[in-house]
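Below, each chain spelled out in residue letters.
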Amino acid sequence: MGRSIDPMGQRIAKHEMDSGVKLYHRRRQLQAMGRWRAALKRLRNPEDRFVTLGYLAQAHCENGEFQEMLTYAMQQIELANARDDPYMKAEAFLNLAKAYERLADFSKAISYGRSSLQHRSMDPRTPGYAHLVIALAQLGFSQFQPSLEAFEQAMQVANKTGDKLLELQICVGLGALFTLLKDLGKALVFLRNALAILHTVTMDDVHAKYKSVILYHLSVVLRKSGAIVDAKDACDEALRLSMDSGNRPVQARCLSSLADINRELGETEKSWARYDAAYEIMRLINDRTGQVLVLGSMAKSASEGRRHDLGQCECQAIQLNKKCLDVAKNIGCKHAMLKCHLRLQELYRQLCDEDSEDIAKKAVTSLTQEMELFCNFCGQRYGLKDESLQALRCSHIFHERCLHNHLTQRENKTCPKCQCKAILMDNISIQLSPSAGSLDNVGAAASGLCRGPSTSAQGGSTTASSHISNFVGHPAPSLMRIKPCCSKDDFGLPQALLAVDENAEASRVLKSPQPLVISRSLTVTDV
């Protein structure tokens with residue numbers, strides 16, 4: 001005989017579900033998860049069980065417990081398959097994709113994201129988040145053109161559904177993409193737009209969560225632009241917010257960014273202490289994308305600022321670069337691999353090791369070609385210095401100045417890579433005026449970003465929308481109509497790479513999200 005359903009038990013379970021949501025939004029995540037686990041033991045309704053599994057998956061994701069998130073997403077897909085429910089499958093495959101993206105298994109993330117798109121969704125926003133996960137996974141692979149294409153598709157869904165948090169996450173992702181490509185002007189615009197959208201969010205816990213992520217990315221752009229003081233202000237605030245919420249992935253990235261700032265200021269010892277602390281956190285939570293980020297910064301610091309009195313020599317620099325290279329290869333992050341080989345090439349040149357230098361040089365050439373980091377008009381590489389780029393609807397990227405000349409001087413306006421008609425991307429193309437992307441403007445524009453845009457009583461806000469109006473050929477978009485456009489041996493390695501502080505774990509409480517991949521807005525399976 002089937003198991004009888006106890007009405008009272010089901011009411012208690014539903015109450016535990018609801019109370020868990022209330023606790024979650026009061027930042028009492030561990031108690032919330034306890035309620036949801038208790039509810040799962042009682043719940044018999046498949047839809048309620050599915051939703052509760054989604055709550056737990058998201059909560060573990062925001063805690064940095066990505067393997068646990070994967071476990072609950074797997075239970076969701078088992079339930080969806082048992083019921084042969086396409087709506088459940090769309091959500092479950094999306095959670096699987098998110099889990100694998102955070103675990104830096106980008107191939108599976110892309111595959112499950114596409115599986116989500118193949119099933120009908122009850123929530124019209126779900127395809128947008130599937131495209132977003134695919135875009136972030138492609139970005140993890142350093143496949144910039146496919147990533148741009150997926151971001152464009154996600155933005156189309158955001159436009160159609162009016163989902164402001166989806167738009168915000170797309171802007172953060174595009175900010176990260178253009179930061180990697182060193183188009184700092186566009187990166188700043190997208191991050192400003194994300195910050196402006198954030199000021200429409202009223203829930204304190206959601207606002208703080210997203211603000212810490214945006215300010216972290218902003219600090220990276222400002223530091224690269226030379227605005228060190230503004231970068232430090234943004235990163236200090238991001239670190240405070242992440243520590244208040246127990247968000248260890250963001251906290252570690254902020255520590256790494258502050259270490260980079262310390263390095264720029266010549267504060268070597270403070271810089272290395274923060275690198276060690278950041279790497280330790282990343283290793284504890286098994287954030288491999290974060291590990292690549294921190295190791296890359298440590299390798300750059302060792303390569304550029306070697307000091308024999310601190311025990312930092314070419315040997316340590318080479319070992320750090322090799323260690324970063326190993327992790328980057330394991331997850332397929334070609335951009336990080338490229339930067340490692342560039343540093344190794346210079347180190348071997350200084351050591352007069354011609355054979356090793358030649359191997360590194362060939363790797364640089366190969367990776368540059370694989371990532372297509374060159375403009376087909378002028379033949380020059382991009383991503384080496386701050387310069388404005390532009391993408392066509394086919395997702396191919398060029399120097400903005402070269403593309404502008406091509407579109408204005410030739411009648412046959414086609415993409416030189418694929419021969420498609422040369423049309424700018426609809427939703428994420430912006431064109432910088434000659435001064436808009438300058439370092440002076442970037443630093444000046446950032447001075448008030450930590451406080452957010454100033455507002456008047458009747459919509460007199462100074463937002464990213466007004467900043468975008470400075471760009472040639474594109475009117476300022478309304479924020480309600482979106483078009484704004486993360487060596488095998490141990491010789492010479494810092495101690496944090498070799499040992500774990502057993503007492504460090506006890507002082508941290510897991511409570512919030514992964515930085516480069518912000519958790520999605522609320523849907524049927526979300527809190």
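What you see is a predicted model; the values in this text were computed from it and never measured.

This paragraph deals with the overall build of the protein chain. A tally of regular secondary structure across the protein chain gives 21 helices and 2 strands. Here the protein chain, with 527 residues, has 59% of them falling under the buried criterion.

With that out of the way, let us pick up the packing of aromatic side chains. We describe a pair of aromatic rings using the distance from one ring centre to the other and the angle between the two ring planes. Enumeration according to the criterion identifies 8 aromatic pairs in this entry. A ring pair is formed by Phe-93 and Tyr-112, whose centres lie 5.9 Å apart and whose planes are at 20°; its orientation type is stacked. Highlighted residues: Phe-93 in helix α5 (residues 86-102) and Tyr-112 in helix α6 (residues 106-117), separated in sequence by 19 residues. The exposure class assigned to Phe-93 is buried, which follows from its relative accessible area of 13%. Ring geometry for Phe-178 versus Phe-190: centroids 5.8 Å apart, planes at 10°, classification stacked. Of this pair, Phe-178 sits in helix α9 (residues 164-180) while Phe-190 sits in helix α10 (residues 184-198); the two residues are 12 residues apart in sequence, bridging distant segments of the chain. Residue class for Phe-178 comes out buried when judged on its relative accessible area of 5%. Pairwise contacts between aromatic rings join Tyr-24, Trp-36 and Tyr-55 into one cluster. A cation over an aromatic ring shows up here: Lys-209 above the ring of Tyr-210, its NZ or CZ 5.4 Å from the ring centre.

Tallied over the full model, the rule gives 22 salt bridges. Between Glu-167 and Lys-164 there is a salt bridge, and its shortest N-O distance comes to 2.6 Å. Of this pair, Glu-167 and Lys-164 both sit in helix α9, 3 residues apart, which is roughly one turn of the helix. Taking the shortest distance from any N to any O, the salt bridge between Lys-232 and Asp-236 comes out at 2.9 Å. With Lys-232 and Asp-236 both in helix α12 (residues 228-245), this residue pair falls 4 residues apart, about one helical turn. Residue classification places Asp-236 among the partly exposed residues on the basis of a relative accessible area of 29%.

Take Lys-362: it is sitting in helix α18 (residues 354-371). Sequence spacing of Lys-362 and His-341 is 21 residues, and the spatial spacing of their C-alpha atoms is 9.1 Å.

A rise of 1.5 Å per residue sets the reference length of helix α2 (residues 29-42), with its 14 residues, at 20 Å; its end C-alpha atoms lie 20 Å apart and thus fit the reference within 8%. Listed as buried for α2 are Gln-29, Ala-32, Met-33, Trp-36, Ala-39 and Leu-40. Each buried residue of α2 sits inside an arc of 120° when the element is viewed along its axis, so together they form one side. Of the exposed residues in α2, those oriented more than 90 degrees away from the buried face are Leu-30 and Lys-41. Tucked into the core, α2 has its buried residues touching α1 (7-25), α3 (46-62) and α4 (66-83).

Now for the nonpolar core. In terms of nonpolar packing, the biggest core is built from 147 residues, with Trp-36, Leu-168 and Ile-170 touching the most fellow members. Apart from the residues within four sequence positions on either side, Ile-170 is in contact with Leu-132, Phe-151, Ala-154, Met-155 and Ala-158.

Attention shifts here to unusual backbone geometry. If you check the backbone angles, Ala-104 has positive phi at about 65° while not being a glycine. With respect to the helices and strands, Ala-104 occurs in the loop between α5 and α6. Of note, Ser-395 is a non-glycine position whose phi angle comes to about 80°, a positive value. Along the polypeptide, Ser-395 turns up in the loop between β1 (389-391) and β2 (397-399). On the basis of relative accessible area, Ser-395 is assigned to the buried category, the value being 4%.

How each quantity is defined
- Residues numbered from 1 in each chain as written.
- Predicted model: local features only at pLDDT ≥ 70, side-chain atom pairs only at ≥ 80, totals over all residues.
- Heavy atoms only, no water.
- Helix = DSSP H or I, 4+ residues; strand = E, 2+ residues; numbered from the N terminus.
- Buried < 20%, exposed > 50% of the residue type's maximum accessible area, 1.4 Å probe, protein only.
- Phe/Tyr/Trp six-rings, centres within 6.5 Å; stacked < 30°, edge-to-face > 60°.
- Lys NZ or Arg CZ within 6 Å of the ring centre and 35° of its normal.
- Salt bridge = Lys/Arg side-chain N within 4 Å of Asp/Glu carboxyl O.
- Expected span 1.5 Å × (residues − 1).
- Arc of directions from axis to C-beta.
- Contact = heavy atoms within 4.5 Å.
- Core = buried A, V, L, I, M, F, W, Y, C linked by side-chain atoms within 4.5 Å.

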